Amino acid sequence: MSDSQSSNGSLEKKRDPERSVHEPDAAVARNALLKIDLVVLPIVTMFYFLSFLDRSNIGNAKVAGLLKDLKMTPTQYSIALTVTYVPYIVFELPSNLVLKRFGANVTLPLMVTLWGVVTACQGAVTSYHGLLACRFFLGAVEGGLLPGLILYLSSFYKRHQLQLRVALMFTATSLAGAFSGLLAAAISHMAGDRGKPGWAWIFILEGVFTTVFGIFAYFVMPRTVEETPFLTTAEREAVIATKEEWVAEEEAETFSWSEVFSAFKEPHLWLLSPALFFNGTTLYGLAFFAPSIVSALGQSANRSQLLTVPPYACAFVVSLIFAYLSDKYRQRGLVLITVSMIAIAGYGLFLGSAGKHNDYGALFLQVVGAYTSAPTVSAWQANNFQPHYKRATAIAWAFILTNSGGILSTWIFNDPPRYAKATKINLAFSVGIAACALGNMLYLRSQNIAKKKWLAENDEASVEGDAKKLGNRHPNFQYTL
């Protein structure tokens, strides 16, 4: 049995933070969890699907003639991608810190609605500078979404229920990668309709749908478990009873800058930070340039869009399998190392072979590795920081680094047609992810052992400070490995 699987012991209220409710309420809790899964998960998944689709569809627009029509150079295209990430990164932490104040049920749908409008506006641009302006505002209104979604989900689910749900949400990236190719191939046939090129219609139609869905979500998205209208009173009480001690009374927690800064004092924040940056580089590089990579294999623009679909469909299935295993065995690090090895094999195969079939097969391994790493490292970050504002900071920091990696990804794919430099960098970064995962696992394991030793030698009553305020520093808090 792993350290993270062992019992956490009882706290002041004499209940196990990971324990289910008593048997008479177990069926009620399961029904409540199912209802949350059926309502909350589809909404957040669609949010992230639209986020990734609307941010990365510029790659499809590029293949459909964006650069030619706006008279842009490859360097200007990279600048347009970079401009998106600057405000995106700036707004991630502030957005997460105010999420509880205004309510995720208001803040998140508002973001979706606004970026849908901005996405549609990209279809009206007639110059490079107009596109830059749109990309800047797209990053500004969308920046807080992903850290907000992870923080929102972590308030509904226990720590070891989280990765499967995060993976389900992250499958949106795989689906977005798959459907963006299908949609772009279909929408491109509208070229010339109302005098607009096919790439413009990609932005307009996808932006309009996003706007409509954001408005719809405002009316159905619950704020918290306690304020969830589709649960009965008994179901709400059952879910609250199963919450871990660390998050049981989060709504009552007040903001504190000391909690924000305390996240940066944790060694495991820094041990995992390089992996987050590396994953952002590999993830977004594939999102933006997969159509161009396939196009370099000698395919037409439309066929290139369609051939990006199978690798993402494969990543969809694999990420769910690994998420299930990760939650079941409470192991994040081993999963992260394993999927990094898959990505390493993909980059190595691409560098070691010049055959088209081998190159396309390598793309499968690259996409599976990068897109399965993302939910794993995100859930791991959310699992090991408490209380609320400390966790909010750690999650936001994770995506600041991820999107900083996204900035780098926009500049390394500059040696077509094989993009050898980018492939070598992504190979090295995948090795780095595995190394960081191993280092973080060893550190967290040592901390769990030290906590168990302390509890064996000391009376729990001698712990100074409230359990909820101590958060992950409490001796009973066992880190997820």
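Residues numbered from 1 in each chain as written. Predicted model: local features only at pLDDT ≥ 70, side-chain atom pairs only at ≥ 80, totals over all residues. Heavy atoms only, no water.

By the naming in an unreviewed UniProt entry, the protein is MFS general substrate transporter, taken from Sistotremastrum suecicum HHB10207 ss-3. The Subcellular location (unreviewed entry) field of the UniProt record for the protein holds the comment "Membrane". (UniProt positions renumbered as here; feature names shortened; annotations may be inferred.)

> I would appreciate a short explanation of the overall build of the protein in the present structure.
Check the secondary structure of the protein and you find 18 helices and 0 strands. Looking at the protein as a whole, 60% of its 481 residues qualify as buried. Long-range pairs, those at least 24 residues apart, make up 82% of the contacts in the protein with a sequence separation of at least 6. Accessible surface computed for the protein: about 18200 Å², of which carbon and sulfur atoms make up 67%. (Helix = DSSP H or I, 4+ residues; strand = E, 2+ residues; numbered from the N terminus. Buried < 20%, exposed > 50% of the residue type's maximum accessible area, 1.4 Å probe, protein only. Contact = heavy atoms within 4.5 Å. Areas by Shrake-Rupley, 256 points an atom, 1.4 Å probe, with all protein chains shown as cover.)

> Would you take a moment to explain the packing of aromatic side chains for this structure?
Think of a pair of aromatic rings as described by two things: how far the centres are apart, and how the planes are tilted against each other in angle. One pass over the full model with this rule turns up 19 aromatic pairs. A ring pair is formed by Tyr218 and Phe219, whose centres lie 5.2 Å apart and whose planes are at 80°; its orientation type is edge-to-face. For Phe219, a relative accessible area of 65% gives the class exposed. Each ring, one from Trp257 and one from Phe261, has its centre 5.9 Å from the other, and the planes form 25°; the classification is stacked. (Phe/Tyr/Trp six-rings, centres within 6.5 Å; stacked < 30°, edge-to-face > 60°.)

> Would you explain the environment of Val44 in this entry?
Relative to the assigned elements, Val44 resides in helix H1 (residues 23-63). Look at Val44 and you get buried, because its relative accessible area is 0%. Taking C-alpha positions, Val44 is 9.6 Å from Phe170, a pair spaced 126 residues apart along the chain. Not counting residues up to four positions away in its chain, the partners in contact with Val44 are Leu149, Tyr152, Leu153, Met169 and Met221.

> Where do I start with helix H13 (residues 309-329) in this structure?
Helical periodicity: at 3.6 residues per turn, an α-helix aligns residues three or four positions apart in one direction. A rise of 1.5 Å per residue sets the reference length of H13, with its 21 residues, at 30 Å; its end C-alpha atoms lie 31 Å apart and thus fit the reference within 8%. Taken as a whole, H13 has its buried residues at Val309, Pro311, Tyr312, Ala315, Val318, Ser319, Phe322, Ala323, Ser326 and Asp327. (Expected span 1.5 Å × (residues − 1).)

> Would you mind going over the pattern of salt bridges with me for this structure?
Pairing is possible between side chains that carry opposite charge, provided their charged atoms lie close to one another. The full count for this structure, using the stated rule, is 6 salt bridges. Notably, a salt bridge pairs Arg165 with Asp37, separated by 2.9 Å at the nearest N-O pair. With a gap of 128 residues between them, Arg165 in helix H7 (residues 162-187) and Asp37 in helix H1 connect regions that are remote in the sequence. Its salt-bridge partner being Glu266, residue Arg473 comes within 3.1 Å of it at the nearest N-O pair. Taken as a pair, Arg473 in the segment after helix H18 (467-470) and Glu266 in the loop between helix H10 (257-262) and helix H11 (267-295) lie far apart in primary sequence, 207 residues in all. Three or more residues are tied together by salt bridges with common partners; here these are Glu266, Lys390 and Arg473. (Salt bridge = Lys/Arg side-chain N within 4 Å of Asp/Glu carboxyl O.)

> Explanation requested: a nonpolar patch on the surface in the structure shown.
Judged by side-chain polarity, Val106, Ile215, Phe216, Tyr218, Phe219 and Val220 come together as a nonpolar surface patch covering roughly 580 Å² of accessible area. For the nonpolar patch, the element with the most residues is helix H8 (residues 198-220), which contributes 5 residues. Here Phe219 is to be found in helix H8. (Patch = residues over 30% accessible without salt bridge, like charges linked within 9 Å, V, L, I, M, F, W, Y side chains within 5 Å.)

> Looking at this model, I keep getting lost on unusual backbone geometry. Mind explaining?
Leaving glycine out, the prevailing phi sign among residues is negative, and the prevailing peptide bond configuration is trans. That bond from Gln386 to Pro387 is cis: its omega, 0°, falls within 30 degrees of zero. By the element assignment, Pro387 lies in the loop between helix H15 (356-383) and helix H16 (388-412). Backbone geometry places Lys71, a non-glycine residue, at a positive phi of 55°. In this fold, Lys71 is placed in the loop between helix H2 (66-69) and helix H3 (74-102). Overall, Lys71 belongs to the exposed group, its relative accessible area being 72%.

> Would you mind showing me how to read the environment of Thr423 here?
Locating Thr423 in the fold gives a position in helix H17 (residues 420-457). Using a relative accessible area of 6% as the deciding quantity, one classes Thr423 as buried. Beyond its immediate sequence surroundings of up to four residues, Thr423 is in contact with Tyr347, Phe350, Leu351 and Arg418.

> For this particular structure, what's the right way to read the packing of helix H14 (residues 333-352) against H17?
For any two helices packed against each other, one specifies the inter-axial angle together with the distance between the axes. Relative orientation of the contacting elements H14 and H17 amounts to 160°, with a least axis distance of 9 Å. Put simply, H14 runs roughly antiparallel to H17. In the packing of H14 onto H17, the handedness of the crossing is left-handed. Contact with H14, carried on its side by Gly333, Leu334, Leu336, Ile337, Ser340, Met341, Ala343, Ile344, Tyr347, Gly348, Phe350 and Leu351, involves Ala420, Thr423, Lys424, Asn426, Leu427, Ser430, Val431, Ile433, Ala434, Ala437, Leu438 and Met441 of H17 and no other residues of that element. Classifying every residue of the contact of H14 with H17 by side-chain character gives 17 nonpolar, 6 polar and 1 charged. (Axes fitted to C-alpha atoms, helices over the stretch in contact; angles between N-to-C directions. Parallel < 35°, antiparallel > 145°, perpendicular 65-115°, else oblique. Left-handed = near helix turned anticlockwise from the far one by under 90°. Nonpolar A, V, L, I, M, F, W, Y, C, P; charged D, E, K, R; others polar.)

> Got a minute to help me understand the side chain of Asn426 in this structure?
Topologically, Asn426 is positioned in helix H17. Asn426 has contacts with Thr281, Thr282, Tyr347, Ile412 and Phe413, leaving out every residue within four places of it along the chain.

> Would you take a moment to explain the nonpolar core for this structure?
The nonpolar side chains of a soluble globular protein tend to be buried with one another. Within the largest apolar cluster, 121 residues are counted, with the highest numbers of intra-cluster contacts made by Phe47, Leu108 and Tyr371. Shared between two domains, this core takes at least three residues from each, and those domains are domain 1 (24-241) and domain 2 (266-480). Every residue in contact with Phe47, bar those within four places of it in the chain, is listed here: Leu108, Pro109, Val112, Trp115, Leu145, Leu149, Phe213, Ala217 and Met221. Formed by 5 residues, the second largest nonpolar core is a distinct cluster that contains Ile187, Trp201, Ile202 and Ile204. (Core = buried A, V, L, I, M, F, W, Y, C linked by side-chain atoms within 4.5 Å. Domains from an automatic or database assignment.)

> Which parts of the structure should I look at to understand the environment of Ser154?
Among the structural elements, Ser154 can be located in helix H6 (residues 145-154). Distance from Ser154 to Ala382, taken between C-alpha atoms, is 7.1 Å for residues 228 residues apart in sequence. Every residue in contact with Ser154, bar those within four places of it in the chain, is listed here: Leu162 and Arg391. Looking at Ser154, its side chain comes within polar contact range of the side chain of Arg391, at 3.0 Å. (Polar contact = N/O pair within 3.5 Å; in protein donor to acceptor, adjacent residues only side chain to side chain.)

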